[in-house]
Amino acid sequence: MTARQKRLLLAVDGSENAMQTVKYAGEEEAFKGMKIILFHVYKSIPEAYYDLEKEPKSVKVVAHVRSWEAEQKKKISKYMDDAKQLLLDAGHAEPAVDIKIRNRKKGIARDIITEAQGGYDAVLVRRRGASALQNIIVGSVTLKLLQKLTFAPLLIAGQKPINKKVLLAVDGSPCAIRAVHFVASMLGSLKDYEVKLVHAVRGGFHFDLAAAESDVIAETDSVFEEPIKILNQAGFSEDNISTKTTTGVLSRAGSIVDAAHSGEWNTIVLGRRGLSEISEFFMGRVSNKVVHAAPKDTVWIVT
């Protein structure tokens, strides 16, 4: 039986930032062989507006609006064609790249989520799109996806170059194990990718570091054992897997980001929620903080 082709939903908004995400998709070997759908939510003029054509004084205004809308559709059509060509130039097969432009219905983020329910293996976005506010780390659409996309991995492209070094945060939780499986399925058959498994243990101001380290050493094998087994079975060699446990940290998110930056691990992967997950929360505190604390890194969040 032929394996089902993986599908990646690549959401773009017509901005240069989003085109950089398309470039990332073209360069990342993990996406080679996947079906990539370039998806754009278009905000058209409400049909009710055109009822104004019935008013003689509004005919010229409506004609101007129609002309403007036609020009915008022309621009986004060219943008999407350019995005597709960028992927083709990067080596993706023409049948493996499709374009979808949809009129906005519920809102951009909600329309992306609706599309993602159509059997996609992951959703890829940029941190910020067309926003002119450069000090914003995460744009409004991406932030909503972080909060509401709970059934598929959300991949947030960063600014750092792809270097085939992936830092994978684990804590023994089911969500973390699913993150391991996702990395294994995406990268296991590729060569030269390195994975560092990181386990961060919180402490406090009165933290007994020596006692904690003793406890962690006893538990480390159980935390790393299953992830290592999963990665090995997927094709990762022992030489390309390393581990790191940090104890007594005040911030697990900070520890994860520090570990990534100290070794230039430009892609950070973690589960949406860890052992401390609360069912009422859509977004775990650690994963949320990592996204904001590592503004230039690529972050894959697995549900």
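That block above? That's the structure.
Residues numbered from 1 in each chain as written. Predicted model: local features only at pLDDT ≥ 70, side-chain atom pairs only at ≥ 80, totals over all residues. Heavy atoms only, no water.

Colleague: Break down the overall build of the protein chain for me, with residues and values.
Modeller: When helices and strands are counted, the protein chain shows eight helices and ten strands. In the protein chain, buried positions account for 44% of the 303 residues. Contacts in the protein chain between residues far apart in sequence, at least 24 positions, make up 80% of those at least 6 positions apart. Taken as a whole, the protein chain presents about 15,900 Å² of accessible surface, with 52% of it coming from carbon and sulfur. (Helix = DSSP H or I, 4+ residues; strand = E, 2+ residues; numbered from the N terminus. Buried < 20%, exposed > 50% of the residue type's maximum accessible area, 1.4 Å probe, protein only. Contact = heavy atoms within 4.5 Å. Areas by Shrake-Rupley, 256 points an atom, 1.4 Å probe, with all protein chains shown as cover.)

Colleague: Break down a positive patch on the surface for me, citing the residues and quoting the values.
Modeller: A surface patch of positive charge is lined by Lys 43, Arg 102, Arg 104, Lys 105, Lys 106, Arg 110 and Lys 144. Among the secondary structure elements, Lys 43 is positioned in the loop between strand S2 (35-42) and helix H2 (59-89). (Patch = residues over 30% accessible without salt bridge, like charges linked within 9 Å, V, L, I, M, F, W, Y side chains within 5 Å. Salt bridge = Lys/Arg side-chain N within 4 Å of Asp/Glu carboxyl O. Lys, Arg positive; Asp, Glu negative; His and termini not counted. Charge placed at Lys NZ, Arg CZ, Asp CG, Glu CD.)

Colleague: Quick one: what's the story with the pattern of salt bridges, residue by residue and with numbers?
Modeller: Per the counting criterion, the structure on display carries seven salt bridges. With a closest N to O distance of 2.7 Å, Arg 4 and Asp 121 form a salt bridge. With Arg 4 in the segment before strand S1 (7-11) and Asp 121 in the loop between helix H3 (108-116) and strand S4 (122-126), the pair connects residues that are 117 residues apart, well separated along the chain. Residue classification places Arg 4 among the exposed residues on the basis of a relative accessible area of 54%. On the basis of relative accessible area, Asp 121 is assigned to the partly exposed category, the value being 21%.

Colleague: Break down the sheet that holds strand S8 (residues 241-249) for me, with residues and values.
Modeller: With mixed pairing, ten strands are arranged side by side in an open sheet as S3-S2-S1-S4-S5-S10-S9-S6-S7-S8. Looking at the sheet topology across the chains shown, the edges are occupied by strand S3 (97-103) and S8. Sheet twist, expressed as the mean angle between neighbouring strand axes with direction ignored, is 20°. Bridge count between strand S6 (residues 165-169) and strand S9 (residues 267-271): three bridges; the pairing is parallel. Bridge pairing in S9 places Leu 168 opposite Val 269. Set on the sheet, helix H4 (residues 140-148) makes contact with S4, strand S5 (154-157) and strand S10 (298-302); between it and S5 the angle comes to about 150°. (Pairing = 2+ DSSP bridges. Axes fitted to C-alpha atoms, helices over the stretch in contact; angles between N-to-C directions.)

Colleague: Provide a residue-level description of the nonpolar core, including the pertinent values.
Modeller: Membership of the largest hydrophobic core comes to 47 residues, with the highest contact counts inside it found for Phe 31, Leu 124, Leu 168, Leu 231 and Trp 300. In terms of residue count, the dominant contributor to this core is helix H5 (residues 174-187) (eight residues). Sequence-distant contacts of Leu 168, that is, excluding residues within four places in its chain, are made with Ala 179, Val 180, Val 183, Val 195, Lys 196, Leu 197, Val 198 and Val 269. Tyr 120, Ala 253, Leu 270 and Val 291 belong to the second largest nonpolar core, which has 33 residues in total. (Core = buried A, V, L, I, M, F, W, Y, C linked by side-chain atoms within 4.5 Å.)

Colleague: For the pairing of S4, give the residues involved together with the corresponding values.
Modeller: For S4, the buried fraction is high: five of the five residues fall into the buried class. Burial along S4 is two-sided: Ala 122, Leu 124 and Arg 126 facing one way and Val 123 and Val 125 facing the other are all buried. Alignment of S1 against S4, held across three bridges, turns out to be parallel. The residue of S4 that forms the bridge with Leu 10 is Leu 124. Of the pairings in the sheet, the one linking S4 to S5 comprises four bridges and is parallel in character. Residue pairing for S5: Leu 124 is matched across the bridge by Leu 155.

Colleague: Describe the packing of aromatic side chains, listing the residues and the values that go with them.
Modeller: Tallied over the entire structure, the rule returns three aromatic pairs. Judged by centre distance (6.4 Å) and plane angle (35°), the rings of Phe 31 and Trp 300 are tilted. Residue Phe 31 is found in the loop between helix H1 (16-27) and S2, and its partner Trp 300 is found in strand S10; the two are separated by 269 residues along the sequence. Both rings, one in Phe 182 and one in Trp 300, keep their centres 5.7 Å apart while their planes meet at 75°; by these two values the pair is edge-to-face. Taken together, the residues span a long stretch of sequence, with Phe 182 in helix H5 and Trp 300 in strand S10 at a distance of 118 residues. In this structure Phe 182 comes out as buried when scored by relative accessible area, which is 9%. Using a relative accessible area of 1% as the deciding quantity, one classes Trp 300 as buried. (Phe/Tyr/Trp six-rings, centres within 6.5 Å; stacked < 30°, edge-to-face > 60°.)

Colleague: Account for the environment of Gln 5, naming residues and giving values.
Modeller: Secondary-structure assignment places Gln 5 in the segment before S1. Looking at Gln 5, the relative accessible area reads 38%, which means it is partly exposed. As a C-alpha pair, Gln 5 and Asp 121 span 116 residues in sequence and 9.6 Å in three-dimensional space. In this view, Gln 5 contacts Gly 33, Met 34, Lys 35, Ala 96 and Asp 121; residues no more than four positions away in its chain are not counted. Here Gly 33 takes part through its backbone oxygen, which lies 3.0 Å from a polar atom of the side chain of Gln 5. (Polar contact = N/O pair within 3.5 Å; in protein donor to acceptor, adjacent residues only side chain to side chain.)

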